[in-house]
Amino acid sequence: MKRRDKDTTTVNLQVEVAGIVLKNPVMPASGTFGYGEEFAPYLDLNSLGAVVTKGLSLYPKAGNNTPRVCETVGGMLNAIGLQNVGIDQFIAHKLPFLEQFDTPVIVNFFGNTQDEYAEVAARLDALPGVAGLEMNISCPNVKHGGIVFGTDAEAAAAVVSAVRKKTTKPLIVKLTPNVTDIRQTARAAQDAGADALSLINTLTGMAVDVKTRRPRLANTIGGLSGPAIRPIAVRLVHQVVQAVDIPVIGIGGITRAMDALEFLIVGAKAVQVGTANFVDPNAMATIITDLEAFCRAEGIADINDIIGTLEL
Amino acid sequence: MKNHKTIVLSNQEIAPGYFRMRILAPDYTRLAKPGQFVMFRVQRALLPLLRRPFGIFRAGFMPADCDTMPPKEFIEIIYKVVGSGTEIMQGLHQGDPVELLGPLGTGFDTGATRGDNILVGGGIGLVPLYMLAESVAEPARTQLLIGGRSRDDVIAVTEFERLGVKTFVSTEDGSLGDAGLVTKVLEKRLESTPQATVFACGPMPMLRAVAEICRMRGVRLQVSLEELMACGVGACLGCVVKGDGHSDAQPNYLCTCKVGPVFYADDLAWEGMPAAAGGDCGETP
């Protein structure tokens, strides 16, 4: 799709999500991009719509035992267990690196309790280098990694509103697909003050080693990600877009521009790329280039003209 | 550290189930250090999804197809067919497109190779030891102990011999060299060269035994580990091992892909080491 030499019409890729202006609608999904520096040798961080950090907690977190990852058909299971350096280390050693780039930094965070969520949010609110917060109420791999809050609409509303009181920064709430009706938690988060929603986090899954008869993850159950989950994610984003008035960021199995476009067409304002970063550290740069090429080829001057154009 | 969209130069079965693949790899002779690895993308498709980590066997130059072209720079990897990824790999031919991310990780501390060295390789674990053997100052004072289940699992011995390294082969079934475990040979060799430094790579039970032997004798040991990993660049945190002093209260997880794959044995917590980790990249047969 390289047609630059023939056609140089400019395409606007800039979008806005909850007041954050993104150069383009592509950003990494939390937990697949470390703290950004891991990918800097392979990818120009300036080219991204935003950087989304690994999920942070008030104190450093060790994570689960190994094995923590295994491949399945078209995807992978992980049960990392939210291992992270903690908010203090992040502010001291990771954030300054990200601040060098002309790219908004969205910090993903979680807490063991509602108070911890609120405290982390308050700390992040004070940092000028942080463009927005993404609160994880959906990690399937730890008891208190948010899933307790994410699977119950009332609990979700309570924790989101506690965080809302502590920050005036754009607040994105990341939802789990492991519920009967995602629209309920989506509406609850919106009503409690979320500025945007991101979905989906991983789907819970399990794989067994038939020779040892043991689970292939030390945690037994993990989160499934990768291209295998994309149709489920597109469906859920489609449903949530219909159910709420705030912007939605689409996540789930995006490996190519065509995949990202599916999410945009059903109404996502932006997308996050996750597992594909592991497969190709340059995946997001390729997706951005190809999005532009697609627009040019289709005669679309502004990517915003694609968003929410699903024909039914 | 770079992702190369490159091609296979050759791919040959060197022993039943073991293949050696030569891949076009610009800059690797300059960049690759002994003990480093690559994340190898088998094909430009989504099956298998993840790359596979492979230790670099060696890096070198070969003549170009015509005189006017500069020589081609390559690396070689050696792999055993164990699952979906390596099954596809064994069917690759010269010219097939693949991707190489690397060279990655922290390799052997080659500053420690002055004097007597004992290299211990279990099966496919021999692979990262070749570049180390190439790098030692005095090959004649370097011994290579190769262990395998049977003679079919003993690979590339002659190439080590060509470097002037003394080789000792042992197989569990006695079909080649001494009968028994490579760790028995190690104990014997350490009796004649007790001041040697040991470098080991192989299955976890072997590494555990080697670590115990070296600890008892106060011998310095570097081990190269294999762990399941998704990214190879320190982001997924899938490949962590417990470092020395690790506890739930004071976690000390180390990324095999970044801090390793080579560690000083003293820097690891051997009690918590998973018994059957690595080697097959989580592949389903």
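Everything discussed here concerns the structure shown above.
Definitions and limits used
Residues numbered from 1 in each chain as written. Chains lettered and ligands numbered in written order. Predicted model: local features only at pLDDT ≥ 70, side-chain atom pairs only at ≥ 80, totals over all residues. Heavy atoms only, no water. Helix = DSSP H or I, 4+ residues; strand = E, 2+ residues; numbered from the N terminus. Axes fitted to C-alpha atoms, helices over the stretch in contact; angles between N-to-C directions. Parallel < 35°, antiparallel > 145°, perpendicular 65-115°, else oblique. Left-handed = near helix turned anticlockwise from the far one by under 90°. Contact = heavy atoms within 4.5 Å. Nonpolar A, V, L, I, M, F, W, Y, C, P; charged D, E, K, R; others polar. Polar contact = N/O pair within 3.5 Å; in protein donor to acceptor, adjacent residues only side chain to side chain. Pairing = 2+ DSSP bridges. Buried area = accessible area lost by both parts, 1.4 Å probe. Salt bridge = Lys/Arg side-chain N within 4 Å of Asp/Glu carboxyl O.

We now examine the environment of B:Glu134. Within the fold, B:Glu134 resides in helix H3 (residues 129-135). Residues B:Glu134 and B:Ile124, spaced ten residues apart in sequence, show a C-alpha to C-alpha distance of 18 Å.

Residues and elements named next belong to chain A. Running from N to C, helix H4 (residues 153-164) and helix H5 (residues 182-191) point in directions that differ by 25°, and their axes come no closer than 8 Å. Taken as axis vectors, H4 and H5 run roughly parallel relative to one another. For the pair H4 and H5, the crossing hand works out as right-handed. Of the residues in H5, those in contact with Ala153, Ala157 and Val160 of H4 are Gln184, Thr185, Ala188 and Ala189. Among the residues making up the contact of H4 with H5, the classes are represented as five nonpolar, two polar and no charged.

Let's shift gears to the side chain of B:Glu99. All names here are of chain B. With respect to the helices and strands, Glu99 occurs in strand S7 (residues 97-104). In terms of polar contacts, Glu99 uses its side chain to reach the side chain of Arg44, at 2.6 Å. Each residue touching Glu99, except ones within four places of it in the same chain, is listed here: Asn3, His4, Lys5, Met39, Phe40, Arg41, Arg44 and Arg51.

Strand pairing within a sheet occurs via backbone hydrogen bonds; the two strands may be parallel or antiparallel. Residues and elements named next belong to chain B. A sheet is described by the order of its strands in space; here seven strands give the open sequence S11-S10-S9-S8-S12-S13-S16, paired in mixed fashion. Two strands in the sheet have a free side with no partner beyond their single neighbour: strand S11 (178-179) and strand S16 (262-264). Pairing of strand S9 (residues 142-148) with strand S10 (residues 166-171) involves six bridges; the strand directions are parallel. Its bridge partner being in S10, Ile146 is matched across the sheet by Val169. Its contacts with the sheet put helix H5 (residues 182-192) on strand S8 (117-122), S9, S10, S11 and strand S12 (197-201), and the angle it makes with S9 is roughly 160°. Against the sheet, helix H6 (residues 204-217) makes contact with S8, S12 and strand S13 (221-224), and its axis sits at roughly 170° relative to S12, the strand it touches most.

Turning our attention to the interface of chain A and chain B. Quoted interface sizes are often the accessible area lost when the parts come together. Facing 33 residues of chain A, the contacting portion of chain B comprises 30 residues. Both faces considered, chain A and chain B share a buried interface measuring about 2700 Å² in area, 62% of it formed by carbon and sulfur atoms. A per-residue breakdown of the area chain A buries against chain B is headed by A:Tyr42, A:Glu71 and A:Val279, which together make up 25% of the total. Between chain A and chain B we count one salt bridge in total. Where chain A meets chain B, there are eight residue pairs in polar contact (both at pLDDT 80 or more). Residue composition of the side of chain A that touches chain B, grouped by class: 14 nonpolar, 13 polar and six charged.

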